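Close look at the chain arrangement
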Amino acid sequence: MSSFVIVIFGGTGNLAQHKLFPALYSLFAKGKLGKKFYIVSFSRRKFSDEDYRKLLRDEWGLTGSRNTNWEAFVKNIYYSQGYFDDISGYKELNKRLNVFDNEVGACITRLFYLATPPDKYLSILNKLKESKLAEGCGQGSEKWTRLAIEKPFGKDLESSIELDKTLADIFEEKQIYRVDHYLAKETVQNMLAFRFANGIFEPIWNKKYIDHVQITFAEKKGIAGRGSFFDGIGILRDVAQNHLLQLLAAITMEAPKSFSRESVRDARAAAIKAIRAIAPENVYKQVVRAQYEGYRNEKGVAPNSMTETFVAMQLFVDTWRFKGVPFYIRAGKKMAENIVEIKLVFIQTCHVLFKEYGCPEIGNVLTIRIQPNEGIRMRVVVKRPDSKLSLDTVDMKFTYNEVFGEHIDESYEKLLLDIFSGDQMLFNRSDELASSWQLISQIMEGWKKQASSSLSVYTPGTWGPKDADELIGQDGKKWIS
Ligand code: BG6
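Below: a short report on this structure. All residue numbers refer to positions counted from 1 along the written sequence of the respective chain. Under the rules for a predicted model, residues below a pLDDT of 70 receive no local features and side-chain atom pairs below 80 are neither given nor counted, while totals for whole chains, interfaces and linings still include all residues. By convention in this description, side-chain values take in all heavy atoms of the structure and omit both hydrogens and water.

Some thoughts on the overall build of the protein
Runs of H or I in DSSP of at least four residues are treated as helices and runs of E of at least two as strands, each being numbered from the N terminus. Helix and strand counts for the protein stand at 15 helices and 15 strands. For the protein, whose C-alpha radius of gyration is 24 Å, the value lies close to the compact-globule estimate of 23 Å for 481 residues. Considered along the principal axes of its C-alpha atoms, the protein spans approximately 80 × 50 × 40 Å. Counting the 481 residues in the protein, one finds 54% classified as buried. Sequence-distant contacts in the protein: of pairs separated by 6 or more residues, those separated by 24 or more amount to 76%. For the protein, the accessible surface area stands at approximately 21,300 Å², while carbon and sulfur atoms represent 50% of it. For this measure, only C-alpha atoms enter the radius of gyration; the expected value for a globule follows 2.2 Å times N^0.38, where N is the number of residues. Type-normalised accessible area, obtained with a 1.4 Å probe on protein chains alone, sets the label of each residue: buried when under 20%, exposed when over 50%, and partly exposed for intermediate values. Between two residues, a contact is recorded if the distance between any of their heavy atoms is within 4.5 Å. We get accessible surface area from the Shrake-Rupley algorithm with a probe of 1.4 Å; when it comes to residues, only the shown protein chains can shield them.

Spelled out as C-alpha cells, the structure:
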C-alpha cells in the first residue's frame, strides 16, 4: 500500500476508541498498512503526541494481546489540538501534513475521517475548504484527498440533502466515502454470493415461497455513555435508517449487472427506493417505539426525553419479487441478547400426507446470522426417529468460525482498506440515502403527531415492549427467537 495519512476528527471520541483505532492496530499487526503511514487525531482536548499515545495504551487498553507491535505502531500516531470551528487548528494541521509530505518526498494520500457527532460536520467541512486542506498538497488536484463521513448522514431528508450539497461543493463524488459499516460485515457481503451463486435459492427467493422476513438488531448494552449523542437521534436514526435498511436491501435487491462499483450501488439503491413509504397517519399501525426503563436517568439524557431506544416496524417492498411480503424489523438497546440476524420464514405447507399427524406451526426458516457466531442456518422438518410419524424441526448449520477459523476481518478494517485503495462499492451513494431518509422522515413526521403515550416503556433485558409482539401478531405471526 502506498503512503497515506488519516486525520481523525473526533480522535478522543467513542468511534475512534471502539472502532477506528482497534481496526488500524489490527491492520498494522496483519502487515496491511504499508511501510509509511501517519495517523493524526484532531480534537479539542489538549494532549501532546506522547500523552495521546499513552491514552490509547493505558486508558483505552489498545495494546491488547498484540503487545509486541505496539511500539512500532504507536510511533505513527500524532495529536493535533484544535476546535472544529476555529481555523487556527486547521492551519497547524496543514503544516504538520506538509511535514509528512516532505518526509516522504511526495504528496501522500490524505484521508479526513469525520468521527465526530454529526452536528460538527458542517463546521469541519467548511474549515477543510477554507484552510485548503481539502485540496491536498499543493497540486491543485483533489485526487490526493478523501473524505470519510459517518452515519447518521444528516438528521432527516432535508439536512441530508443540505450536507450533500456542502460535500459536493468541496469534494468530487469519487472522493467521498459515506460510511455504513454494516455494508462491510462479511455476512452481509456474502449475501450476493449466497443468493446468486446457489442455484437452489434464487428460484424460491420471492413472494411465492417466502411468507415473511424478520430482521432483528438487539444489543444488551444501553447507550454506553453516549447519552448526549443518542438522545438527539434515537434508535430509528442510529441504526434503522442505515444498518437495518441495508440488511433489508441485501435480501431484496436484484442481482447487479456486474461486480462493478456502480452496478452494485445501483442495485442497492433500487432496493431501498422500492420500500413502500408509510404515510404519517399510518405510522401508529406500522411502527412501534419504546424506551427502556431508566433511560431518562442516563447521563446526557433529558429527564423528559421522548427518544426511542427500541423500534419495530412492518415494511413492504414493492418489487415483483416481494410485493405483499411483510418485513418485520426490530432494533433495541438493553435487550435480552446480543444478536443481529435475518430470518426468511417460508410458507408452511403441511402436505396432505401429514395432516392427520400434525405439522410444526413454522416449517422452513433460513437464518442469516450477522453476529455473533456469524453463519447460516436452515430449519427443516424431519420425522422424529422414535415415532411412527411425528414431525419436528431441526437446523442444518454453517458457521464461519467452524469452517474458516477466525478469519473474518472486522468491518472497519475492510472499510479502511477500501478507502485507502479507492474502492467505493461498500459506501453509500446519495440516492440510497435520499430514499432511506424519505421513509424515516415520514415516520418521524408521524411520531410528531402522535400523543406522548405512544412511546411505550420496556424492561431492560427483555425483547422490548408487548406492542412489538402485537405488531407482528396482528398479521398472525410471531417473532422467532
Ligand atoms: C453504530 C451505532 O452505528 O452501530 C451504535 O451508532 C451501535 O449504537 C453500533 O451500537 C453497532 O455496531 P456493531 O458493529 O457493534 O454491531
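After that view, the rundown keeps rolling.
Side note on the state of the cysteines
Count a disulfide wherever a pair of cysteine sulfur atoms falls within 2.5 Å. Overall, the coordinates contain one disulfide when judged by the stated rule. At a sulfur-sulfur separation of 1.9 Å, the disulfide partner of Cys350 is Cys359. Taking the torsion about the S-S bond as the criterion, the Cys350 to Cys359 disulfide, at about 75 degrees, is right-handed.

Quick word on the sheet that holds strand E13 (residues 375-383)
The nine strands lie next to each other as E14-E13-E12-E11-E7-E10-E9-E8-E15, forming an open sheet whose pairing is mixed. Every other strand in the sheet has two partners, leaving strand E14 (391-399) and strand E15 (455-458) as the edge strands with one partner each. Strand-to-strand twist across the sheet, computed as the mean angle between neighbouring axes with direction ignored, equals 20 degrees. By definition, two strands form a pair when at least two bridges between them are found by DSSP. Note: strand E8 (residues 287-292) against E15, four bridges, orientation parallel. Following the sheet pairing, Tyr292 is matched in E15 by Tyr458. On the sheet, helix H7 (residues 186-196) packs against strand E12 (365-371) and E13 and is oriented at approximately 145 degrees with respect to E12. Sheet strands in contact with helix H9 (residues 234-252) are strand E7 (210-218), strand E9 (310-315), strand E10 (327-332), strand E11 (339-346) and E12, and its direction is about 145 degrees off that of E10. Interaxial angle, 0 to 180 degrees, is taken between N-to-C directions of lines fitted to C-alpha atoms, where a helix line uses only the stretch in contact.

Side note on the packing of aromatic side chains
Two rings from Phe, Tyr or Trp (for Trp, the six-membered ring) form a pair when their centres sit within 6.5 Å of each other. Planes less than 30 degrees apart are called stacked, planes more than 60 degrees apart edge-to-face, and all others tilted. All told, the structure shown has 34 aromatic pairs when counted by the stated rule. A centroid spacing of 3.9 Å and a plane angle of 15 degrees characterise the contact between Tyr38 and Phe100, whose relative ring orientation is stacked. A residue pair is termed long-range when its members are at least 10 positions apart, and Tyr38 in strand E2 (residues 37-43) and Phe100 in helix H4 (residues 87-104) qualify at 62 residues. For Tyr38, a relative accessible area of 1% gives the class buried. Residue classification places Phe100 among the buried positions, given a relative accessible area of 3%. Clustering of aromatic rings is evident, with ring pairs tying together Phe4, Tyr25, Phe28, Phe37, Trp70, Phe73 and Phe420.

Examining unusual backbone geometry
Keep in mind that most residues, glycine aside, have a negative phi and that most peptide bonds are trans. Cis peptide bonds are those with omega within 30 degrees of zero, and the linkage from Lys151 to Pro152 qualifies with -5 degrees. The topology assignment puts Pro152 in the loop between strand E5 (145-150) and helix H6 (157-170). Following Gln371, the chain continues to Pro372 via a peptide bond in cis, the omega torsion being -15 degrees. With respect to the helices, strands and loops of the structure, Pro372 is situated in the loop between E12 and E13. Of note in this structure, Lys132 is not a glycine but carries a positive phi near 65 degrees. With respect to the helices and strands, Lys132 occurs in the loop between helix H5 (121-130) and E5. The phi dihedral of Asn373 is positive, around 50 degrees, even though this residue is not glycine. Note that Asn373 resides in the loop between E12 and E13.

What about the pattern of salt bridges?
In the sections that follow, a salt bridge refers to a side-chain nitrogen of Lys or Arg positioned within 4 Å of a carboxyl oxygen of Asp or Glu. One pass over the full model with this rule turns up 36 salt bridges. Between Glu262 and Arg261 there is a salt bridge, with its nearest N and O atoms 2.8 Å apart. Glu262 sits in the partly exposed class, given a relative accessible area of 28%. Among the ionic pairs, Arg429 bridges to Asp266, the shortest N-O distance being 2.8 Å.

Things to note about the pairing of E13
Pairing between E12 and E13: five bridges, direction antiparallel. Paired with Arg369 across the two strands is Gly375, which belongs to E13. Pairing analysis gives nine bridges linking E13 to E14, with the strands arranged antiparallel. Following the sheet pairing, Arg379 is matched in E14 by Asp395.

Observations concerning H9
In this scheme, a helix's expected span is set at 1.5 Å multiplied by one less than its residue total. Helix length check: H9, at 19 residues, gives a terminal C-alpha distance of 26 Å against a target of 27 Å (1.5 Å per residue), a fit within 8%. Fitting axes to the seven residues that end at a residue and to the seven that start at it, the angle between those axes gives the bend at that residue. At Ala240, H9 shows its maximal bend, which comes to roughly 50 degrees. The element H9 is extensively covered by neighbouring structure, given that 19 of its 19 residues are classed as buried.

Section: the packing of H9 against helix H14 (residues 430-449)
One way to put it is that H9 packs onto H14 with a least axis distance of 10 Å and a crossing angle of 135 degrees. Between H9 and H14, the angle is such that the two are oblique. When you trace H9 past H14, the crossing you get is right-handed. Taken together, the residues of H14 that come into contact with H9 (itself represented by Leu236, Arg237, Gln241, Leu245 and Gln246) are Glu432, Leu433, Ser436, Trp437, Leu439, Ile440, Ile443, Met444 and Trp447. Angle categories are assigned with fixed cut-offs, so that under 35 degrees is roughly parallel, over 145 is roughly antiparallel, 65 to 115 is roughly perpendicular, and the rest are oblique. A clockwise turn of the near helix away from the far one marks a right-handed crossing, whereas an anticlockwise turn of less than a right angle marks a left-handed crossing.

Notes on the environment of Leu344
When you line up the elements, Leu344 lands in strand E11. Given the relative accessible area of 0%, Leu344 is considered buried. Apart from residues lying up to four places away in sequence, Leu344 is in contact with Trp205, Ile210, His212, Val213, Ile251, Asn364, Val365, Leu366 and Ile368.

Some details on the nonpolar core
Counting 106 residues, the largest nonpolar core has Phe9, Leu128, Leu315 and Leu344 as the members making the most contacts within it. Beyond its immediate chain neighbours, meaning those up to four positions away, Leu128 contacts Phe9, Tyr90, Phe112, Leu133, Ala134, Leu147 and Phe171. Among buried residues, the Ala, Val, Leu, Ile, Met, Phe, Trp, Tyr and Cys ones that are joined through side-chain atoms within 4.5 Å form a nonpolar core. Residues Leu15, Leu24, Phe73 and Phe427 belong to the second largest nonpolar core, which totals 41 residues.

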